[in-house]
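Okay, here's what each chain looks like letter by letter:
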Amino acid sequence: MTQKLNTSQFTQLTLGIPGFEYKDLYDAKRLADLLEVFDQSVQQHDADLFAEISAYRACAGEGMKPEDISELLVRMAPLVGTFVARLFNVSDVREQQIGTIRGEFDAVFVYRTEIVGKLAGRFKGQTIEGWDIAQLNAQLNALLAATGKQSLFAEDPELAVGQLGAELWRLSQQTDLSDTDVAVLKSQVSEQPALNIAYDSAASLIAGLLDVVCRWSFAAKQVPELQAVVAKWLSFKVPEKTNLDNLVEHASVAQNGYDVWACDEHHHRRRDGFALTDKRFNQRQTLYEVDHCIYCHDRDNDSCSKGIKNKKDATFKTNHLGALMTGCPLEEKISEMHVVKRQGDNIGALAMIIIDNPMCPGTGHRICNDCMRGCIYQKTESVNIPQIETNVLTDVLFMPWGFEIYSLLTRWNPLNVKRSTALPYNGKNVLVAGMGPAGYTLAHYLLNEGFGVVGIDALKIEPLPLHLTGDRENPPMPIMDFQSLYEDLDKRVMLGFGGVAEYGITVRWDKNFLKVIYLTLLRRAAFKCYGG
Ligand code: SF4
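Since we're looking at a predicted model, the values are computed, not measured.

Chemist: Would you take a moment to explain the packing of helix α2 (residues 47–59) against helix α3 (residues 66–87) for this structure?
Modeler: A pair of packed helices can be characterised by two numbers: the angle between their axes and the separation between those axes. Running from amino to carboxyl end, α2 crosses α3 at an angle of 120°, the nearest separation of the two axes being 11 Å. Classified by the interaxial angle, the pair formed by α2 and α3 is oblique. Seen from above, α2 lies across α3 with left-handed handedness. Residue-level contacts link Leu 49, Glu 52, Ile 53 and Tyr 56 of α2 to Ile 69, Leu 72, Leu 73, Arg 75, Met 76 and Leu 79 of α3. Here the residues of the contact of α2 with α3 sort into eight nonpolar, no polar and two charged.

Printed below as a string of structure tokens:
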């Protein structure tokens, strides 16, 4: 019996762009209308930028320099982020994300670059011998108290010290610093007896206070008690040397009469049933990687995307192990995405990824790393691009309506000038055999070109609930909270969709991402999927 969809209990999603309803997001004609509204908004915001993007669309990049395309996309991405956030009424969440990410860069990563990274030069030829570490600690604590960062220090010491160091460093860079600029700080410092710093001007006060932070940081690299405090701070992390002959560090240990290779204890991930063993990087770890990147696209040198080539014949080079350094097989705009992520705009960054990698839930962390092999850093740790890509995706998915935002960007993406909106059904149908990564990606591209697609797979494929997929008459129920789709891997029933990504990968990879792709495709009216 055919199931009937009861839409009366559906979560409602009212779009923030007048004249559009949720169901329009599944209608090719209305998607084209939405692009027009977006274009008008760009034109109003910046007519010159609109003229540039129009010219880019008209030529589809033919004859343009890669650097110019990259620069244009980086300028456009925030406008896509702003528009999509307005469409889903999540501008406040987007702003919060921007604030948090920029706050991290302005504090932790300024501290990392300007203070921790320059300690060797600042204290050249010096040691901490004779330094009173207890007094130094007391001075840092007094400085944290004077600047109102003590409770932040208790919660997130790296952020507190990072903010303190970065604020003082910025003040130290001002050439016209006056007594008025530092009046509040001066009075707060005067209440802290531990900060008995001699000064005769605003600049010397700041220099004295900055010196406390610098000396404490220098000591933190050497004194065990302080080393323990900063052990996990990303601001103190230095990229390790890459040893291609010993990529997985290990030692031989005797076990049951045999010599076995074992890795360091801190790399162990104990398996508990089928629960996810790798929770991915947190935000700061991800931002460390973004900060590690030197954004090579403005020199057309982004080898993570384009590969490392021999100058003579433009063939790909091989590394010491003989592996080709092709960069990302999709030529994803990685460097550009990093710049947008650095600005805090996850939606804009995701739109950048989706230009070349619309099925990105099936890539990223634990799936592929050709990009890392092609990264400009060949002698030290390369940028962990897959972690960044997956972090951008999850930052969007876990926003309110995050699944809907991802799903829309696969059908409507102004940054993708070659196919900005999905085309209407053209009456021709294609059979795609195999619903693994190649098959589902092909299905997506065919659907966007207007074909009907029937996907088949040898595995038994479970259907998804009708309220999630919608039917001929009704759009699906919009998903407000991605958690409602999310399942613990040890409780998850295999859906059968995803081929090797479903049966061939263990609990190191979060298979909830497969459901994201499966549902995104099942919601397309011209797609049907059958298992064996
Ligand atoms: S990931 Fe590596 S190659 Fe790519 S832009 Fe960053 S530094 Fe350059």
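Chemist: What is the right way to look at the nonpolar core in this model?
Modeler: As a rule of thumb, nonpolar side chains are buried together in soluble globular proteins. Phe 88, Trp 216, Leu 350 and Phe 497 are the most contacted members of the largest nonpolar core, which has 148 residues in total. Apart from residues lying up to four places away in sequence, Phe 497 is in contact with Met 435, Tyr 440, Ile 461, Glu 502, Leu 514, Ile 517, Tyr 518, Leu 521 and Cys 529.

Chemist: Honestly, the domain arrangement of the chain in this entry has me stumped. Any pointers?
Modeler: Interface size is commonly expressed as the accessible area that is lost once the parts come together. Here the domain parsing of the chain yields domain 1 (22–91 + 238–264 + 274–421), domain 2 (104–236) and domain 3 (423–532). Once you take the C-alpha centre of each, domain 2 and domain 3 turn out to be 52 Å apart.

Chemist: Explanation requested: the packing of aromatic side chains in the structure shown.
Modeler: Each aromatic ring pair is summarised here by two numbers: the centre-to-centre distance and the angle between the ring planes. By the definition in use, this model includes 17 aromatic pairs. A centroid spacing of 5.3 Å and a plane angle of 85° characterise the contact between Phe 38 and Phe 83, whose relative ring orientation is edge-to-face. Highlighted residues: Phe 38 in helix α1 (residues 28–45) and Phe 83 in helix α3, separated in sequence by 45 residues. Phe 38 sits in the buried class, given a relative accessible area of 0%. According to the relative accessible area criterion, Phe 83 is buried, its value standing at 2%. Each ring, one from Tyr 440 and one from Phe 497, has its centre 5.6 Å from the other, and the planes form 20°; the classification is stacked. With Tyr 440 in helix α19 (residues 437–448) and Phe 497 in the loop between α20 (466–469) and α21 (500–503), this pair connects stretches of sequence that are 57 residues apart. Considered together, Tyr 440 and Phe 497 belong to a single accessibility category, that of buried residues.

Chemist: Sorry if this is basic, but what is going on with the pairing of strand β4 (residues 452–457) here?
Modeler: Regular strands show a simple pattern: their side chains alternate between the two faces of the sheet. Pairing of strand β3 (residues 429–433) with β4 involves five bridges; the strand directions are parallel. Paired with Val 432 across the bridge in β4 is Gly 455.

Chemist: Help me understand the site of the ligand in this model?
Modeler: Taken together, Cys 293, Ile 294, Cys 296, Ser 303, Cys 304, Ser 335, Cys 375, Ile 376, Tyr 377, Val 383 and Ile 385 make up all the residues around the ligand. Of the residues contributing to the shell around the ligand, the split by class is nine nonpolar, two polar and no charged.

Chemist: Before we go on, may I ask you to explain the pattern of salt bridges in this structure?
Modeler: Pairing of side chains with opposite charge becomes possible as their charged atoms draw close. If you walk through the whole model with that rule in mind, you get 34 salt bridges. A salt bridge links Asp 33 to Arg 30; the shortest N-O distance between them is 2.7 Å. Of this pair, Asp 33 and Arg 30 both sit in helix α1, three residues apart, which is roughly one turn of the helix. Taking the relative accessible area as the measure of exposure, Asp 33 reaches 18% and is therefore buried. Residue Arg 284 is joined to Asp 156 by a salt bridge in which the shortest nitrogen-to-oxygen separation is 2.6 Å. Taken together, the positions of Arg 284 in helix α12 (residues 283–292) and Asp 156 in the loop between α7 (150–155) and α8 (157–172) put the pair 128 residues apart, joining distant regions of the chain. The exposure class assigned to Arg 284 is buried, which follows from its relative accessible area of 12%.

Chemist: Help me understand the sheet that holds β3 in this model?
Modeler: In sheet architecture, strand pairing relies on hydrogen bonds along the backbone and comes in two forms, parallel and antiparallel. Pairing is parallel in the open sheet, where three strands are placed in the order β3-β4-β5. A strand with exactly one partner marks an edge of an open sheet, and here the two such strands are β3 and β5 (527–531). The average undirected angle you get between the axes of adjacent strands in this sheet is 15°. Of the pairings in the sheet, the one linking β4 to β5 comprises five bridges and is parallel in character. Within β5, the residue paired with Val 454 across the bridge is Lys 528. Packed onto the sheet, α19 meets β3, β4 and β5 and runs at close to 170° relative to β3.

Chemist: What exactly am I supposed to notice about unusual backbone geometry here?
Modeler: Across residues other than glycine, the phi torsion is negative in most instances, and most of the peptide bonds are trans. For Asp 300, which is not glycine, the phi torsion reads 55° and is therefore positive. By the secondary structure assignment, Asp 300 is in the loop between α12 and α13 (303–306).

Chemist: I would appreciate a short explanation of the environment of Tyr 486 in the present structure.
Modeler: For Tyr 486, the position within the fold is in the loop between α20 and α21. Along the sequence, Tyr 486 and Glu 21 sit 465 residues apart, while their C-alpha atoms lie 26 Å from each other. The contact partners of Tyr 486, leaving out residues within four places of it in the chain, are Leu 276, Arg 280, Phe 398, Asp 510 and Asn 512. Within the structure, Tyr 486 has its side chain in polar contact with the side chain of Asp 510 (distance 2.3 Å).

About the criteria used
Residues numbered from 1 in each chain as written. Predicted model: local features only at pLDDT ≥ 70, side-chain atom pairs only at ≥ 80, totals over all residues. Heavy atoms only, no water. Axes fitted to C-alpha atoms, helices over the stretch in contact; angles between N-to-C directions. Helix = DSSP H or I, 4+ residues; strand = E, 2+ residues; numbered from the N terminus. Parallel < 35°, antiparallel > 145°, perpendicular 65-115°, else oblique. Left-handed = near helix turned anticlockwise from the far one by under 90°. Contact = heavy atoms within 4.5 Å. Nonpolar A, V, L, I, M, F, W, Y, C, P; charged D, E, K, R; others polar. Core = buried A, V, L, I, M, F, W, Y, C linked by side-chain atoms within 4.5 Å. Buried < 20%, exposed > 50% of the residue type's maximum accessible area, 1.4 Å probe, protein only. Domains from an automatic or database assignment. Phe/Tyr/Trp six-rings, centres within 6.5 Å; stacked < 30°, edge-to-face > 60°. Pairing = 2+ DSSP bridges. Near = heavy atom within 4 Å. Salt bridge = Lys/Arg side-chain N within 4 Å of Asp/Glu carboxyl O. Polar contact = N/O pair within 3.5 Å; in protein donor to acceptor, adjacent residues only side chain to side chain.

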